[in-house]
Structure formats: structure tokens, C-alpha cells
Amino acid sequence: MYNPNAAGAANTESGSRLFVYEVVGLSQNQVTDNLNYPIRRSGSVFITVPYNRMNEEMRRITRMGAQIVSIRPLTGGSVGNGQATSANLRQTVKSENQPKPMIPTKHKTDIPVNIYKPNNPFIGKCISNQELVREGGEGTVRHLKFDISGGNLRYLEGQSIGIIPPGTDENGKPHKLRLYSIASTRHGDDEDDKTVSLCVRQLVYKHPETGETVYGVCSTYLCNLKPGDEVKITGPVGKEMLLPDDPEATIIMMGTGTGIAPFRAFLWRMFKEQHEDYKFKGLAWLFFGIPYTANILYKDELEELAQKFPNNFRLTYAISREQKNPEGGKMYIQDRIKENADEIWQLLQKPNTHVYICGLKGMEGGIDEGMSVAAAKFGVNWSEYQKQLRKEERWHVETY
Ligand SMILES: Cc1cc2nc3c(=O)[nH]c(=O)nc-3n(C[C@H](O)[C@H](O)[C@H](O)COP(=O)(O)OP(=O)(O)OC[C@H]3O[C@@H](n4cnc5c(N)ncnc54)[C@H](O)[C@@H]3O)c2cc1C
């Protein structure tokens, strides 16, 4: 017969870390109804399990018709060298009633790629070009919408398109294409399947030797486009940042600057559009790093969504020049990740949680730092765990 205290007795076992399973569904069980066991009003039961019995206990709990909804280490639990790995930790949270494990993001054949190649690009037309940075903000970032009707160009949220700027480079050769993440859903901002939108920051920097101001070729070209101007478009490309089909998934998004582009597409698909085949009921959590409040791209729309869907959408800003981290330094996205690392870690234990990182190259280092600390509390080596997440197509990165 099931004896929940058996696990507790194992507290004295040496060489074994202790974990606490949060279990639901035991109260509905005839056998457990007779047990003298503290079942919370929420229906959760907390069971302490030594590392080396995790699988056994999991099977036992599943047999009882219950479900493990979270696993955490027991603070002050016995010290041991039992190293939990991503695979066996994940295995323990799996049960028949849980969401399907490892949902392949998309059937590979459904993904449109390279419909238009550089030697025969699609000629789109600029419909609108709006500034996204408000007064007091830094730099220029534009929301551009292109007409793509009259061709075969189609795309999915999370993909990119190529833009070929006009003219030639310093060698007299035609400019090479530059990639830009698509900021609209597959249906476009007007939901008529006739447009694609981008979020483009004009690259401006001081030449390190001459000190002269240099303007990026393609970004400057795009930021200066006028409605009616023609644009050479290639693609779409990219399979890394696709959304899973599962409407119950947890989608954690970490973006800096124009890294918001794919996330705008995700969020519009989840919350703004209505679909027969996709009604999002999961959790979307956006961490957005920017220098100033005036640089929060799509601010009003994001905040409106957060207000309208408080149970399904969380919005966390890291405003580096205005907010301070706990050490008194600038608040970067990695500081927000560290602040919330335990919760992110818990969410990652669900097999249908996906993390997406998009924006400036270099942002991953800080995120790994934060996650390493959270994972270490569970005796897990983060880089090993992350490898497993990547294998499962649950850790998605596109930085540039
Ligand atoms: C998958 C992907 C998605 C992308 N999505 C977006 C997006 O959504 N929005 C967006 O705005 N951009 C995006 N980019 C970046 C985009 O492709 C271009 O790289 C960017 O717009 C700059 O192109 P450019 O032609 O303006 O600059 P270029 O004229 O090509 O100049 C870029 C070059 O300038 C030099 N340079 C740049 N900064 C400095 C510096 N500080 N000091 C010295 N030299 C420097 C470097 O040599 C660099 O290669 C994405 C890139 C990738 C790969």
C-alpha cells in the first residue's frame, strides 16, 4: 500500500539529495482518501523524495492516478552528490495526464523557405514606415509594412526575410542581402495575408579609426523608405524561432531592442487574432530589455495585452538606463532573468515550455548565468540541461 511517509523516512539516507514533489489528484483517490495526509485546499500534496527514488515514486504516484505538477529541492535537504540531469528530472515530471512531451515545433514540410532567392527576389512595396522610438529615446527604430500581394511569398511567425539594398558595395558588386526578423503574424498586420512587417533599427556608429559617423547600408535604406517605394525581398528563412502548435504551451520570450520583432508576431497570433485551429490558453512571458522607457517598442499594444490577458501574458521590462539591479548597477535583461530564475526553472520542468531569445549578440551569457544559479539549486548542471532543451527544440536562440 502507498505510504507517503516512506519517502520522508529517507531523509536520513546519505548520498542522496531530497526533492519535494507537488502532487495533485491524490484526494480524489479511494485509497488516499483513507490516508492521514495533509492535502491542501488547493488539492496539492507535497511529498519528499530522495533523488535515487525519484523514478520509483513517480511511477507510484502515477499508479495512484495522481499527477506531479512541480519538483523542487528540499531546502536544507541531505547533502549528497546525486546529480540530477535534465533527462531524468524531466522524466520524473512526466505522467500520462501531463501535456505531450516534446512537441515538435512544426512538421518540417509545412515551413515555407526560400520561396524567393537573391537572383530572383520578390518586389514588394512599402505601405507604411513609422517611428517606434518616442521623444527622449535613443536612436531610430521603424515599423515597416510591405505589400506582398501578387506573388507567392508566405511565411510563419518567427521567420525572417532578406532585403537587398539597392546599389553596389565598395567593390562595385551588388549589395548582399540582410536578414530581418518578421514582426507580423503570417496573416500580416491587416490580417488579409497581403503584407509583411519588419522592425528595423538604423545602424549608426562612429568609425573606430576616423571617428566619422557611419550609417548602416541596408538599415538606413529601410528606415528612409517612403510609401510606394519598391523593395527587393527574399526568403522567408529560419526554422529556429517557430512557435509550437500546442495552445497550452508556456512561451518564455527574452528580447532586447529589435529582438521584439518575432515576439510581436507571437503575441499578436496568441492574443490579437482569432483562429479556428489555434486558441492560446497557455502562458506567455515576455522579458524585454531596452535603454529608456521611450525605447519600449510597441509599448501601448504590449501593455494593453498584459492588461487584457493577466492570466496568460506577463510583461517584464529591464530598462537599463532608468532601473537599477539589486547591486545598484544598470538593470539588464539578465538581471530580470536572475530575479525570476527559480520560477523560470520551475516552468522549464513542464515538457511544453519553450524559451526564445532574440536580439543583441552577447545577451545569452547573462541569461545562462542566471539559469546556472537556479539549476545548481537542484544539483543540475545548466549547460548539460540546456543541451537537452535544445535537443528537444525547446531552447530557441536568434541573436545578431
Ligand atoms: C537572423 C537575423 C535577424 C535580424 N533581424 C533584425 C531585425 O529584426 N531588426 C534589425 O534592425 N536588424 C536585424 N538584423 C540585423 C540586420 O540583418 C543587419 O545586420 C543590420 O540592419 C545592419 O545592416 P546594415 O546594412 O545597416 O549595416 P552594414 O552597412 O552592413 O554595416 C554593418 C557592419 O558595420 C560594422 N559595425 C557595426 N557596428 C559597429 C561599431 N559599433 N563599430 C565598428 N563597426 C561597426 C560591422 O563591420 C558590421 O558588419 C538581423 C540579423 C539576423 C542575422
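Residues numbered from 1 in each chain as written. Predicted model: local features only at pLDDT ≥ 70, side-chain atom pairs only at ≥ 80, totals over all residues. Heavy atoms only, no water.

*Asks:* Let's hear about the site of the ligand: which residues, and what values?
*Replies:* Near the ligand lie 17 residues; those nearest to it are Arg178, Leu179, Tyr180, Cys218 and Ser219. Tyr180 is positioned such that a nitrogen or oxygen atom in its side chain is 2.7 Å from an oxygen atom of the ligand. A distance of 3.5 Å is found between a nitrogen atom of the ligand and a side-chain nitrogen or oxygen belonging to Thr258. Summarising the interface, the protein chains cover 64% of the accessible area of the ligand, which totals 1000 Å² for the free molecule. Elements represented by at least two residues in the shell around the ligand include exactly β7 (178–181), β8 (195–201) and α5 (217–223). Tallied by class, the residues present in the shell around the ligand amount to 10 nonpolar, four polar and three charged. (Near = heavy atom within 4 Å. Polar contact = N/O pair within 3.5 Å; in protein donor to acceptor, adjacent residues only side chain to side chain. Areas by Shrake-Rupley, 256 points an atom, 1.4 Å probe, with all protein chains shown as cover. Helix = DSSP H or I, 4+ residues; strand = E, 2+ residues; numbered from the N terminus. Nonpolar A, V, L, I, M, F, W, Y, C, P; charged D, E, K, R; others polar.)

*Asks:* Describe in detail the pattern of salt bridges, supporting the description with residues and values.
*Replies:* In this structure the tally under the stated criterion is 15 salt bridges. Arg321 is paired through a salt bridge with Glu138; the nearest N and O atoms lie 3.4 Å apart. Within this pair, whereas Arg321 is found in the loop between β14 (313–319) and α8 (333–339), its partner Glu138 is found in the loop between β4 (122–131) and β5 (141–147), the two being separated by 183 residues in sequence. By relative accessible area, which is 41% here, Arg321 ends up partly exposed. Here Glu304 makes a salt bridge to Lys308, at a shortest N to O gap of 3.7 Å. Of this pair, Glu304 and Lys308 both sit in helix α7 (residues 299–308), separated by four residues, roughly a single helical turn. Ionic contacts of the salt-bridge type, sharing partners, join the residues Glu157, Arg186 and Arg269 into one network. (Salt bridge = Lys/Arg side-chain N within 4 Å of Asp/Glu carboxyl O. Buried < 20%, exposed > 50% of the residue type's maximum accessible area, 1.4 Å probe, protein only.)

*Asks:* Would you mind going over the nonpolar core in detail, with residue names and values included?
*Replies:* Of all hydrophobic cores here, the largest spans 38 residues; its most connected members are Tyr21, Met254, Ile344, Trp345, Met371, Trp382 and Trp395. The next biggest cluster of nonpolar side chains, apart from the first, holds 34 residues, and it includes Ala261, Met270, Tyr298 and Leu305. (Core = buried A, V, L, I, M, F, W, Y, C linked by side-chain atoms within 4.5 Å.)

*Asks:* Break down the pairing of strand β2 (residues 44–50) for me, citing the residues and quoting the values.
*Replies:* The buried count for β2 comes to six of seven residues, which makes it a mostly enclosed element. Pairing analysis gives seven bridges linking strand β1 (residues 18–24) to β2, with the strands arranged antiparallel. Its bridge partner lying in β2, Val24 is registered against Ser44. (Pairing = 2+ DSSP bridges.)

*Asks:* So what's going on with unusual backbone geometry? Which residues, and what values?
*Replies:* At the junction of Gly235 and Pro236, the peptide bond is cis and its omega measures out at 0° in the coordinates. Within the secondary structure layout, Pro236 lies in strand β11 (residues 230–237). In the Ramachandran plot, Asn114 falls in the positive-phi region, its phi being about 50° despite a non-glycine side chain. Tracing the backbone through its elements, the reader meets Asn114 in the loop between α4 (86–93) and β4. Here Asn114 falls in the partly exposed class, since its relative accessible area comes to 37%. Here the phi dihedral of Glu191 falls at roughly 55°; this positive angle occurs in a residue that is not glycine. Following the sequence through the fold, Glu191 ends up in the loop between β7 and β8.

*Asks:* Summarise the environment of Glu301; cite the residues concerned and give the values.
*Replies:* For Glu301, the position within the fold is in helix α7. Judged by its relative accessible area of 27%, Glu301 is partly exposed. Here the alpha-carbon distance between Glu301 and Lys272, two residues 29 residues apart in the chain, equals 9.9 Å.

*Asks:* Lay out the side chain of Thr258 with the relevant residues and their values.
*Replies:* Here Thr258 shows up in the loop between β12 (250–256) and α6 (260–272). Engagement of the side chain of Thr258 in a polar contact is seen with the side chain of Tyr400, the distance being 2.7 Å. Excluding its chain neighbours within four sequence positions, the residues that come into contact with Thr258 are Val141, Cys199, Val200, Arg201, Leu297 and Tyr400. (Contact = heavy atoms within 4.5 Å.)

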